Amino acid sequence: MLIPSVVACFLSTPYWEVSFVAAYNYHPYVSVKETFRILFGDSWQYLWPVVLVSALQIVSASLLTSAMDRHFRTGKLSLANPKQLLNNSIFPMFLAVLAMCVFSIVWRFVLFGLVLLAQTICGAAGFAEGATLAVIAVISVAMFFVHVMVITPMIFWPPIMFVYGYRFGDAAAASFKLLSGKRVFRKLFPPLLICALIQLLVGFLQAPMWAMCISSFFIALFDNVFVTVFTIVVFYRISDLDRRDVIKYEFSVPQSVVSPKPEKQERIASEAAETTAALSDEQAETVKKQKRPKKDKQKTDGSSGSADANAPAAAKPTAKKSKKSVGKPRKNPKRETVSDKAADAEEGGDVV
């Protein structure tokens, strides 16, 4: 960013859309031609200084943006392979800067018309030169406010295009959705306004040429670096992209290795305790349900066992005998007949 800042301090004046008020030299009632020359300056008349400064700013901003993007993704900051860095973002940067330049030219013509209107109204009302100059200064600051508000989404077009791979129209639409509700303008505008007011103050003090060149150099350097770094940092933040330069990746590390935070550990322990208690209650209920039919079966078995125990002892051998007699066939009928007769005699009480 040093080279475009050095060139800018000799060929143009930063924030000229605000600091042009000092070029009136406290005499705002001038002709339309003189107002046009003051407002647009010599650089717009010859055009080549604007093209040269813009080209150098595009190259520098592309290198810085690509280097920071690689630093965020890999954790290593280096300017190795500058051709590759330029190839990644120079075309999106060129489109964004071209759109901002076209809008700045149109906006400068709008500012020119408002300044002429203020001169005409204040001159007809008989305002003093100081009051008219104050009115023009207020108009320039208000137009600068709107200008920054309009170009804020434009500075996010390059990262959206080379990070997400969007086309120009898609990036322009996505930038408004990306910035909605993020309050990015409130953080971007105050530093730029301070630089514009410093440049305006240096012009009103009518500082020598070398002092104006030094102030222009530092303001241009701060402006180029601040806007570029602010854009890429805010883009990663509002897009929820991971940065390896400040946040360690945990995707490739197993979850068992990664130690959670104390608050997370307490939450996990409480959830595990609640789950264990719920499971123990469910298991207790299932065990009770399983034990109930077994107890009923044991009661029925116990009642049958007691009934068998109360039965007379004489019935048992008779049952066994009957089972034997029924279940086994008779092998020798003659022997069995004699034994049967003896048994019948014994039962009848006859003594042989």
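Structure report, in brief. (Residues numbered from 1 in each chain as written. Predicted model: local features only at pLDDT ≥ 70, side-chain atom pairs only at ≥ 80, totals over all residues. Heavy atoms only, no water.)

Remarks on the nonpolar core
Then comes step 1: Counting residues in hydrophobic clusters, the biggest one holds 59 residues, and the most contacted among them are Phe-20, Phe-144 and Phe-156.
Then comes step 2: Of all elements in the fold, only helix H3 (32-46), helix H4 (48-74), helix H5 (82-125), helix H6 (129-151), helix H7 (157-164), helix H8 (168-179), helix H9 (184-204) and helix H10 (209-238) reach the threshold of two or more residues within this core.
Then comes step 3: In terms of residue count, the dominant contributor to this core is H5 (eleven residues).
Then comes step 4: Residues contacting Phe-156, with those up to four places away along its chain left out, are Leu-179, Val-184, Thr-231, Val-234 and Phe-235. (Core = buried A, V, L, I, M, F, W, Y, C linked by side-chain atoms within 4.5 Å. Buried < 20%, exposed > 50% of the residue type's maximum accessible area, 1.4 Å probe, protein only. Helix = DSSP H or I, 4+ residues; strand = E, 2+ residues; numbered from the N terminus. Contact = heavy atoms within 4.5 Å.)

A look at empty space enclosed by the protein
Then comes step 1: For the structure shown, the criterion picks out one cavity of 30 Å³ or more.
Then comes step 2: Estimated volume of the largest cavity: approximately 40 Å³.
Then comes step 3: In terms of lining residues, the largest cavity is bounded by Glu-17, Ser-104, Trp-107, Arg-108, Leu-111 and His-147.
Then comes step 4: Of all the elements, H5 adds the most residues to the lining of the largest cavity, at four residues.
Then comes step 5: Class assignment of the residues belonging to the lining of the largest cavity gives a composition of two nonpolar, two polar and two charged. (1 Å grid on protein atoms, 1.4 Å probe; cavity = no way out; pocket = protein on both sides within 12 Å on 5 of 7 lines; lining within 4 Å. Points joined across faces, edges and corners; volume = space filled by probe spheres on them. Nonpolar A, V, L, I, M, F, W, Y, C, P; charged D, E, K, R; others polar.)

So, the side chain of Asp-69
Then comes step 1: For Asp-69, the position within the fold is in helix H4.
Then comes step 2: On the accessibility criterion, Asp-69 (6% relative accessible area) is buried.
Then comes step 3: If we ignore the near neighbours within four places in the chain, the residues touching Asp-69 are Phe-162, Val-163 and Tyr-236.

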